[in-house]
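One letter stands for each residue in the lines below.
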Amino acid sequence: MIDNFLHGTNALFSDPFTVLIFVLGVFGGMLFGAIPGVSMLTLAAILLPFTASLDPAQGVMLFAVIYCTGTYGGAITAILFNIPGAPENAPTAFDGYPMTKQGKAGKAVGAAVLCSAVGGTASALIMMAATEPLAQWAIRNIGPPEIFALVFFGLAVASSVGGNTIWKGWLSVIFGLLIATIGQDPVGGINRYNFGTTDLAAGIAFVPSILGFFAVSEIFVQAERRAFGKYTAPKLSVDFPSIAELWMHKIAVLRSILVGFFCGILPGIGATLAAFMGYGEAVRWSKNKESFGKGNLEGVISSETANNAATGAAMIPLLALGLPGGALTAMMVAVFQFHDMEPGPLVFYNSPDLIWVVFAAMFYANLSILLIGFVETKTILHLLKIPFHFLAPMILLLASIGSYIGRGLVLDVIVMFVAGLAGFLLRRSGYSIPGIVLGLILGKIGEQNFAQGMQMVHYDLVAYMSRPICFILIVAGALTLGTSVYRALTANRASAGSSAGQG
Amino acid sequence: MGNITKFHLIELGLWATIAVVFFAYSFEFNQTIEIYKFGATGWPRAILAMLVVVMIGNIFYQKAHGSAVQPGRVGIADDDLTETKKPLSAILNIIAFVALPLGYAWSLKPIGFYAATPVFTFLVILLLGERRVRWLIGITFLIYVLLIGLFMVFLNAPLPQGTVSPFYDFSAFMLRMNTQLQHMF
């Protein structure tokens, strides 16, 4: 492995043009991740046609680097503006944004820098050491029933965070699942809920919905606060967390690396579920559960470690099985196809050079988060100084361009603003925006894998549950759900009792 | 009725409408799929059934506790606007601010990005309370130049050009300028 890694490193740094692409990928991913309103997906969509003129290794490497640094960059907007750069940064905002409001933005961003680098580097190392055995294990043990079970578990976790009540948490997730049914059904390709228009046949595009629910709705919320005289500008601080503060959360980091890597390795799941589950597990194991969502540093650490730990793992199903784990890895498939290649087991034998250049680039990209992140962060934190009435139109316009570029449809810009309006109203009523987005992302994956799983076991639920991983995940999901309902009932009785006592 | 308010009933009504509309429309694609027992409607209808169950749970919760936040919830939005005095002018301002982006989105197809964007930017800044004309024009110009520089000149990203004259002609002029600029380097 070390020989291969050194060979990949040599190939990466011996050619000046490859180095240039690497550096542009690192800065581009961080920058587009950190600009509110656009994301690494916007940059990837713009750059996709250009990769046709690059060497295949350079093209795939560029996207892999953008994936690593963009996942980190999205945390900055989540923390500073409550606008996650990508869905995988949504749980980061739960505690990151309250920290900004408390004047601790520097601490939150500093923790995100370090934990993204640690999670990503650990993931890259495991990926290099174990891609082939892990891929073999995944082929043998992970099928559609297991993926559906994990989706169920993930949705159970998502419903228990965000939303004023467990019911609103679930209504949010269900709303997302319902939006995901618009478009063709994944088994028979039958058009569903196109309401007589052909534009909706391809379904609701993913990027505009995310930008609308996260970025546009946040602008509307802040504009409302401004109109009612309640707007307070976030406080600028560049105090990074101390080593001792971060060391206190070492267990959370290790747990999130494991959770993130496991989620990342499963085809179709990607970093989003990893972040939610990393955050959910941090809450579950914490002795101070009530402090989450109010500016607990561990919330930022868990979410950011987990989502970056998924980046290396997400390359395993992509490279070993040809199955993308998310929107950006799906674009990497297109990069392969531009060069008449198909990602899959044969890539390891036919193009080992490409694989090791990509692996080495991901390793160094994660290290560069640590090196460049702290320097870049101090500059980016000054974005908080820009008055809201100048920043808001910029964010709305960037989001419009980000939505339009993916498919070149004005409809997507309209969808984005409608999603923004819906998100604004739902947030005002105590619903969970990350819950809606996770439902939207996992809806199609869940349905497809449920259908395939059912066909595999001939619709026999006993056979379905007799698969060990499936059984564990379904039971874990049911327990998560049951526990949150039980807690809701007992907590409300307790609060009713205490208020009666006070009266 | 317990702690149920008019707002809770509207909320219930909206969810019920969504459930009914989606269920009614599911008959439009109620086709069997040979290889899949549950067909195209199985999954959406299962989601709708869950929606109804959770909707009932929600209204029972609201009957008992009103709009109270459930203790121990994580990642909830803080709402300190409930008790705030809301003057009509501020409400109208918010309605205009929310409607403006929708109008901008609708205008992109006929008018195009290049012509619609400066007007949109100017109006957003105006609605957010900026009244100094120099700042309004200066910031609008700055944002426009930054966006054009990044997406048109640097990244060559395709943006909506519009279909109606003279807006389409303006877009064509911008693109011609860009081409000439690219040729200079």
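Residues numbered from 1 in each chain as written. Chains lettered and ligands numbered in written order. Predicted model: local features only at pLDDT ≥ 70, side-chain atom pairs only at ≥ 80, totals over all residues.

Caption draft 1: Region of the structure containing the overall build of chain B. Looking only at helices and strands, one finds six helices and zero strands in chain B. Listed by position from the N terminus, the elements making up chain B come as α-α-α-α-α-α. Radius of gyration (C-alpha) of chain B: 25 Å, far over the 16 Å computed for a compact globule of 185 residues. C-alpha atoms of chain B, sized along the principal axes, occupy 70 × 60 × 30 Å. With 185 residues in all, chain B has 28% of them scored as buried. Expressed as a percentage of contacts within chain B between residues at least 6 apart in sequence, the contacts between residues at least 24 apart total 61%. (Helix = DSSP H or I, 4+ residues; strand = E, 2+ residues; numbered from the N terminus. Rg over C-alpha atoms; globule rule 2.2 N^0.38 Å. Buried ≥ 20, exposed ≤ 12 C-beta atoms within 10 Å, placed from the backbone. Contact = placed C-beta atoms within 7 Å.)

Caption draft 2: Seen up close, the overall build of chain A. Summing up its helical and strand segments, chain A has 21 helices and two strands in all. Computed over its C-alpha atoms, the radius of gyration of chain A comes to 22 Å, within 12% of the 23 Å expected for a compact globule of 503 residues. If you line up chain A on its principal axes, its C-alpha atoms span 75 × 60 × 50 Å. Relative to all contacts within chain A whose residues are 6 or more apart in sequence, the contacts with residues 24 or more apart total 79%.

Caption draft 3: Spatial organisation of the nonpolar core. All names here are of chain A. In this structure, Met61, Ala64, Val65, Ile79, Val358 and Ala361 are the most contacted members of the largest nonpolar core, which totals 211 residues. Residue contributions to this core peak at 17 residues, all from helix α4 (residues 56-81). Dropping the residues within four chain positions of it, Val358 is found in contact with Ala57, Val60, Met61 and Ala64. (Core = buried A, V, L, I, M, F, W, Y, C linked by C-beta atoms within 7 Å.)

Caption draft 4: Region of the structure containing the interface of chain A and chain B. Every contact between the two is made by 67 residues of chain A and, on the other side, 61 residues of chain B. Contributing elements (two or more residues each) for the side of chain A that touches chain B: α8 (166-180), β2 (191-192), α9 (206-227), α17 (388-407), α18 (410-428), α19 (433-456) and α21 (468-502) of chain A. Looking at side-chain class alone, the side of chain A that touches chain B contains 40 nonpolar, 15 polar and 12 charged residues. (Nonpolar A, V, L, I, M, F, W, Y, C, P; charged D, E, K, R; others polar.)

Caption draft 5: Geometry of the confidence of the model for chain B. All names here are of chain B. Residues at a pLDDT of 70 or more form 93% of chain B, whose mean pLDDT is 88. Within chain B, the element-level pLDDT minimum falls on helix α6 (residues 167-184), averaging 88, and the maximum on helix α4 (residues 113-127), averaging 95. As a predicted assembly, this complex carries a pTM of 0.82 together with an ipTM value of 0.91. (pLDDT = per-residue confidence, 0-100.)

Caption draft 6: Representation of the environment of A:Leu328 in the model. Residues and elements named next belong to chain A. By secondary structure assignment, the location of Leu328 is in helix α14 (residues 327-338). Placed 144 residues apart in sequence, Leu328 and Ile472 show a C-alpha to C-alpha distance of 29 Å. Contact partners of Leu328, with chain neighbours within four places excluded, come to Met40, Leu41, Ala44, Phe63 and Tyr67.

Caption draft 7: Inspection of the packing of α9(A) against α17(A) at higher detail. Residue and element names in this part refer to chain A. One can describe the packing of α9 onto α17 by two numbers: an axis separation of 10 Å at closest approach and a directional angle of 165°. The orientation of α9 with respect to α17, classified from their angle, is roughly antiparallel. Once α9 is placed against α17, the crossing between them reads as left-handed. Contacts between α9 and α17 involve Val207, Pro208, Leu211, Ala215, Val216, Ile219, Gln222, Ala223 and Arg226 from the former and Phe388, Ala392, Ile395, Leu396, Ala399, Gly402, Ser403 and Gly406 from the latter. When its residues are assigned to classes, the contact of α9 with α17 shows 12 nonpolar, four polar and one charged. (Axes fitted to C-alpha atoms, helices over the stretch in contact; angles between N-to-C directions. Parallel < 35°, antiparallel > 145°, perpendicular 65-115°, else oblique. Left-handed = near helix turned anticlockwise from the far one by under 90°.)

Caption draft 8: How the structure looks around helix α3 (residues 40-47) of chain A. All names here are of chain A. By the criterion of burial, α3 is predominantly enclosed, with eight of the eight residues buried. Turning to α3, its buried residues number three or more, namely Met40, Leu41, Thr42, Leu43, Ala44, Ala45, Ile46 and Leu47. In the core, the buried residues of α3 are packed alongside α2 (16-34), α4, α9, α14 and α17.

Caption draft 9: Structural view of unusual backbone geometry. Of note, the bond from B:Ser165 into B:Pro166 is cis; its omega dihedral lies within 30 degrees of zero at 10°. Among the structural elements, B:Pro166 can be located in the loop between α5 (133-154) and α6. Phi is positive for A:His458, close to 55°, though the residue is something other than glycine. Mapped onto the secondary structure, A:His458 falls in the loop between α19 and α20 (461-465). Given 9 C-beta atoms within 10 Å, A:His458 falls into the exposed group. Positive phi outside glycine occurs at A:Tyr459, with the angle close to 60°. For A:Tyr459, a count of 13 C-beta atoms within 10 Å puts it in the partly exposed group.

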